[in-house]
Every structure is written in C-alpha cells, then in structure tokens.
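# Observations on the three-dimensional arrangement
Listed below are the residues making up each chain.
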Amino acid sequence: MGNPITVLELTSNSVKLLVGYELEERQPIVLYAGTIFVDGAVTEGEIINQDELIAAINKLVKDASTQLEIKIDEVILALPSINLEVYTDSQQTNVLANTLRVEHIDIKNVLSLVRKQRIDPNKTIISIVPERYILDNEKTSVVSPIGETSSFIAINCYVHLLPLWVYNRYLSVVQAAGIKVTKTFVDSYALTELIALEKDASPNYLLVDYGSRTTTISLVGNHRLFYSRIVNLGGDHLTERIAKELSLTLEEAHKLKHMYGYDNRASNYKVAIAHQVNEYGQKHPIYQKDLNRVIEAFMNEHYAKIKDAVASLEASQSLSNLFELYPLYFTGGASQINGFNHLLEHSPLKDRTFILNLKAIGARNSRYAVCLGLLRVYNRYILDIGDERSEVGVLTRD
C-alpha cells in the first residue's frame with residue numbers, strides 16, 4: 001500500500017476531496033471521497049464566495065481525517081483549464097556526479113532550465129510533463145533515468161501555463177482554509193492521464209468534460225494534452241432550461257432531469273411525469289416527450305458549442321477534420337444523466353463518441369474523474385522529480 005494522497009477540486013458548484021493511492025499496476029484505490037455542493041461559489045474561475053468554499057474544505061478535511069484516522073494538512077490541487085497554454089521545450093545540462101551517475105539533483109537542474117525560460121509575465125508554469133529524457137549515445141527514456149550513467153541529461157517536455165490570476169485565486173482559498181498546497185495540476189491534464197490507464201483508449205482524441213456550469217474541450221495526441229478551451233455551458237444550464245420551458249421550479253427541474261432524463265421509449269410517453277401550474281392555477285401534465293424535447297434542443301445547442309470550440313482549435317493550430325479523425329470522450333457529472341448515451345446515438349458522430357467509465361476501486365462516480373486523475377499525475381510527478389513535499393505559494397509579478 002502506498003502513502004495516501006489527498007487531492008482537492010473546486011468546481012462551479014462543488015468542493016470535492018478524495019484520499020487514495022495507486023497500486024504498482026497503476027490501479028487507483030480510493031479510501032475516501034466526499035463532495036459538498038456550493039452552488040455559485042465559483043463562476044468562470046472567479047471566487048465568488050470564499051467563506052463558503054473554506055467552510056466546505058474544512059468540513060471535508062475533518063470528515064476524511066475522522067474516518068481514516070489520519071492527519072490531513074496538505075493537498076494536491078486541481079486548477080481549471082482557463083486560457084490554458086501548452087508548449088514544448090528542450091533543455092540540457094551536465095551530470096554533476098564524478099561517477100556520471102544521474103541523480104535527482106540532475107533531474108531538478110534540467111527542469112529548472114525549463115522554468116527559467118521567459119514566459120508571459122501574466123502567466124505561470126503549472127506543470128512540466130517530460131516526454132522523454134536523452135542521455136549519452138542517444139539513449140532515451142520516458143521515465144526518470146535515475147541511476148543511469150551519462151555525461152549529460154537532456155529533456156523534451158510539455159509545459160502547461162495558466163493565467164496568474166487563476167493560480168493565485170485558487171491557492172489563496174485553500175491556504176485561507178489552513179491547508180498547504182503541495183502541488184497543482186490542470187484538471188484536463190489529470191483527466192488525460194486517467195484515460196491513459198484504459199487499455200482500449202485511443203491515444204488521440206477530443207476530451208469533453210461536461211461539468212455543471214462549464215464544458216472543457218481538450219485535444220489529446222499520443223496521450224499528451226495539447227490544447228483546452230472552456231465553453232460556459234453545462235448541466236446546471238440544462239436544469240434552468242427545463243425549469244423555464246416547462247414552467248417548473250429549479251428543484252422540480254433538477255429532479256426530473258436526474259429521475260427521468262432522456263428516454264425515447266414510446267411506452268414511457270403515456271404517463272405524466274409531473275405537472276405544471278399556469279397563471280390561473282390550472283394543472284397541466286408533463287410527459288416524457290416534453291422533457292425529451294427540451295433536453296434534445298439543449299444538447300443540440302451544446303453540441304454546436306463544442307463544434308465551434310473545435311473549429312477555433314483547428315484555426316489556432318492549423319489543423320483540420322478533427323471531428324472526423326478523433327473520437328470524442330465524454331466525462332464529468334453532467335454526462336451521467338439518464339439517457340445521455342441515447343442522446344449521443346443521435347449524434348452525427350455516434351460511432352466515435354464514448355462516455356468515460358471509471359475503473360477505480362472505491363469511487364465509480366464520474367464526478368471524481370479529475371480527482372482520480374490527480375492521484376495518477378502526482379504519482380508520476382513523484383517518480384519523475386521526487387516528492388518535494390514543499391508548500392506552493394501564491395505568486396506575484398513585480
């Protein structure tokens with residue numbers, strides 16, 4: 001059993017905390033998973049209600065600590081992919097030891113060269129993801145070459161940047177809760193590493209993380225994150241649309257969405273699933289077909305937004321035909337509503353569209369996909385760089 005790792009995700013409608021570890025075969029094991037809903041506490045990356053988030057973090061930490069009988073005072077934190085920038089870099093340095101044996105210090109030295117590269121002063125490096133290390137005689141390794149013999153070490157890597165304001169906002173909330181942030185990772189990167197564990201997963205795909213208030217569309221090639229774009233449309237907007245179109249309260253609309261969802265079986269069209277009351281106090285039945293109509297119209301709008309985001313991606317990266325070449329992998333809590341898979345069957349890309357199913361012990365809910373991915377990326381980070389266990393601080397630019 002590995003040492004338990006605590007990971008934290010703040011979304012637009014919830015705070016999620018998960019404690020777990022990975023087996024040697026990279027199987028995630030979950031010891032604790034908890035969610036507290038804090039609707040509206042975060043909007044488009046902006047912290048709206050810090051006190052509510054702090055209270056939720058503290059409650060989850062206390063609950064997990066009590067259940068597991070361990071002390072939790074630090075976390076690995078997920079950050080949203082807002083204006084994420086990914087670029088590649090290559091650096092090289094000499095090995096320090098007289099024996100020419102590669103040590104952790106050599107790995108850190110070559111990574112420090114990556115960090116020293118000039119970037120936009122309004123952005124900060126979140127992650128450096130090694131693609132391969134290069135040693136003497138053109139020997140290469142995809143994992144940290146600790147113990148190998150070489151006069152130098154070079155690295156080809158991917159660098160993830162986020163706006164400084166995103167990084168600072170999220171860290172300040174967690175630190176205000178009295179919790180140290182040991183490391184941060186971008187949420188879409190965490191998801192790609194989780195999907196890489198799936199034996200049947202394509203190495204090249206479009207990832208659609210369908211959340212409560214936002215949807216993140218990411219381009220992944222050879223299991224590497226290249227690009228992410230956020231669309232401000234999610235599952236809560238569907239609830240609001242159902243409430244408006246069918247004259248229901250948000251609570252009633254939420255209940256219908258989760259209890260019935262989308263169901264195109266004719267046998268379910270005959271019985272009323274709810275009633276709406278007009279301005280005169282008269283009740284009118286609501287049938288499954290009425291709910292289907294609203295959901296289908298919304299999902300068509302959502303699909304159009306995804307297509308626009310992919311078109312923007314293609315234009316910025318000089319790419320084309322991504323929808324035809326790459327499958328779509330859906331994840332996120334909003335993709336778990338009843339009948340979502342049937343909706344995808346009506347998509348023009350139905351043969352290339354899949355819903356991600358988790359294969360973790362202890363947390364099967366897609367709600368925790370990012371948290372499970374954090375376990376994977378932090379474990380990889382430890383193997384590549386070493387467990388620094390140092391607190392991450394809020395950054396400033398002078």
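Read on for a plain summary of the structure.

### Some remarks on the overall build of the chain
Helix and strand content of the chain: 10 helices and 18 strands. Its C-alpha atoms give the chain a radius of gyration of 23 Å, within 12% of the compact-globule value 21 Å for 398 residues. Its C-alpha atoms give the chain principal-axis dimensions of about 85 × 50 × 45 Å. Among the 398 residues that make up the chain, the fraction classed as buried is 53%. Surface accessibility of the chain: about 19000 Å² in total, with carbon and sulfur atoms responsible for 46%.

### Observations regarding the packing of aromatic side chains
Counted under the stated rule, the structure contains 8 aromatic pairs. Residues Y205 and Y329 carry aromatic rings whose centres are separated by 4.7 Å and whose planes lie at 35 degrees to one another, so their mutual orientation is tilted. Remark: Y329 occurs in strand β17 (residues 328-331) and Y205 occurs in strand β12 (residues 205-210); sequence separation between them is 124 residues. Given a relative accessible area of 10%, Y329 falls into the buried group.

### Quick notes on the sheet that holds strand β18 (residues 353-355)
Pairing is mixed in the open sheet, where 5 strands are placed in the order β14-β13-β12-β17-β18. Looking at the sheet topology across the chains shown, the edges are occupied by β14 (224-231) and β18. Here the strands of the sheet are splayed against their neighbours by 20 degrees on average, with no regard to which way each runs. In the packing of helix α4 (residues 187-195) onto the sheet, the strands contacted are β12, β13 (215-221), β14 and β17, and the crossing angle to β12 comes to about 120 degrees.

### Some points on the packing of helix α5 (residues 235-245) against helix α6 (residues 250-259)
Contact pair α5 / α6: the axes reach a minimum separation of 8 Å and the direction vectors enclose 115 degrees. Relative to α6, the element α5 is oriented roughly perpendicular. α5 and α6 meet at a crossing whose hand is right-handed. Where α5 approaches α6, its residues G235, D236, L238, T239, E240, I242 and A243 are matched on the opposing element by L250, A253, H254 and K257. For the contact of α5 with α6, the per-class residue count stands at 5 nonpolar, 3 polar and 3 charged.

### Notes on the pairing of strand β15 (residues 274-277)
Relative to strand β16 (residues 283-286), β15 runs antiparallel, the two being bridged by 4 bridges. Directly across from Q276, in β16, lies its bridge partner H284. Taking the residues that link successive antiparallel strands as the turn, the β15-β16 hairpin has 5 residues, and the phi of G281 there is positive, at about 85 degrees.

### Focus: unusual backbone geometry
Within the chain, L100 stands out as a residue other than glycine whose phi angle is a positive 65 degrees. Among the structural elements, L100 can be located in the loop between β7 (85-94) and α2 (104-115). A positive phi angle, near 60 degrees, is found at N321, a position not held by glycine. Following the sequence through the fold, N321 ends up in the loop between α7 (288-317) and α8 (322-325).

### Comments concerning the environment of L207
Along the polypeptide, L207 turns up in strand β12. Overall, the relative accessible area of 1% leaves L207 in the buried class. In the structure, L207 is positioned 90 residues away from Q117 in sequence and 29 Å away in space, judged by C-alpha atoms. Once residues within four sequence positions are removed from consideration, L207 is found in contact with S188, L191, T192, I195, T216, I217, S218, Y329 and T331.

### Things to note about the nonpolar core
In terms of nonpolar packing, the biggest core is built from 68 residues, with L8, V15, I57 and V174 touching the most fellow members. Among the elements that line this core, the one with the most residues is helix α10 (residues 369-385), at 9 residues. Filtering out sequence-adjacent residues up to four positions away, V174 remains in contact with L8, L10, I57, V75, L77, I179 and V181. In terms of nonpolar packing, the next biggest core, distinct from the first, is built from 38 residues, L246, L291, I295 and F330 among them.

### Regarding the sheet that holds β7
Paired through their backbone hydrogen bonds, the strands of a sheet run either parallel or antiparallel. Pairing is antiparallel in the open sheet, where 4 strands are placed in the order β7-β10-β8-β9. One side of each edge strand has no neighbouring strand; the edge strands of this open sheet are β7 and β9 (140-141). Here 2 bridges tie strand β8 (residues 123-134) to β9, and the two strands are oriented antiparallel to one another. Looking across to β9, one finds that I134 is bridged to T140. Its contacts with the sheet place helix α3 (residues 164-176) against β8 and β10 (152-163), and it is angled at close to 80 degrees to β10.

Calculation notes
- Residues numbered from 1 in each chain as written.
- Predicted model: local features only at pLDDT ≥ 70, side-chain atom pairs only at ≥ 80, totals over all residues.
- Heavy atoms only, no water.
- Helix = DSSP H or I, 4+ residues; strand = E, 2+ residues; numbered from the N terminus.
- Rg over C-alpha atoms; globule rule 2.2 N^0.38 Å.
- Buried < 20%, exposed > 50% of the residue type's maximum accessible area, 1.4 Å probe, protein only.
- Areas by Shrake-Rupley, 256 points an atom, 1.4 Å probe, with all protein chains shown as cover.
- Phe/Tyr/Trp six-rings, centres within 6.5 Å; stacked < 30°, edge-to-face > 60°.
- Pairing = 2+ DSSP bridges.
- Axes fitted to C-alpha atoms, helices over the stretch in contact; angles between N-to-C directions.
- Contact = heavy atoms within 4.5 Å.
- Parallel < 35°, antiparallel > 145°, perpendicular 65-115°, else oblique.
- Left-handed = near helix turned anticlockwise from the far one by under 90°.
- Nonpolar A, V, L, I, M, F, W, Y, C, P; charged D, E, K, R; others polar.
- Core = buried A, V, L, I, M, F, W, Y, C linked by side-chain atoms within 4.5 Å.

Keep in mind these numbers describe shape, not what the thing actually does.
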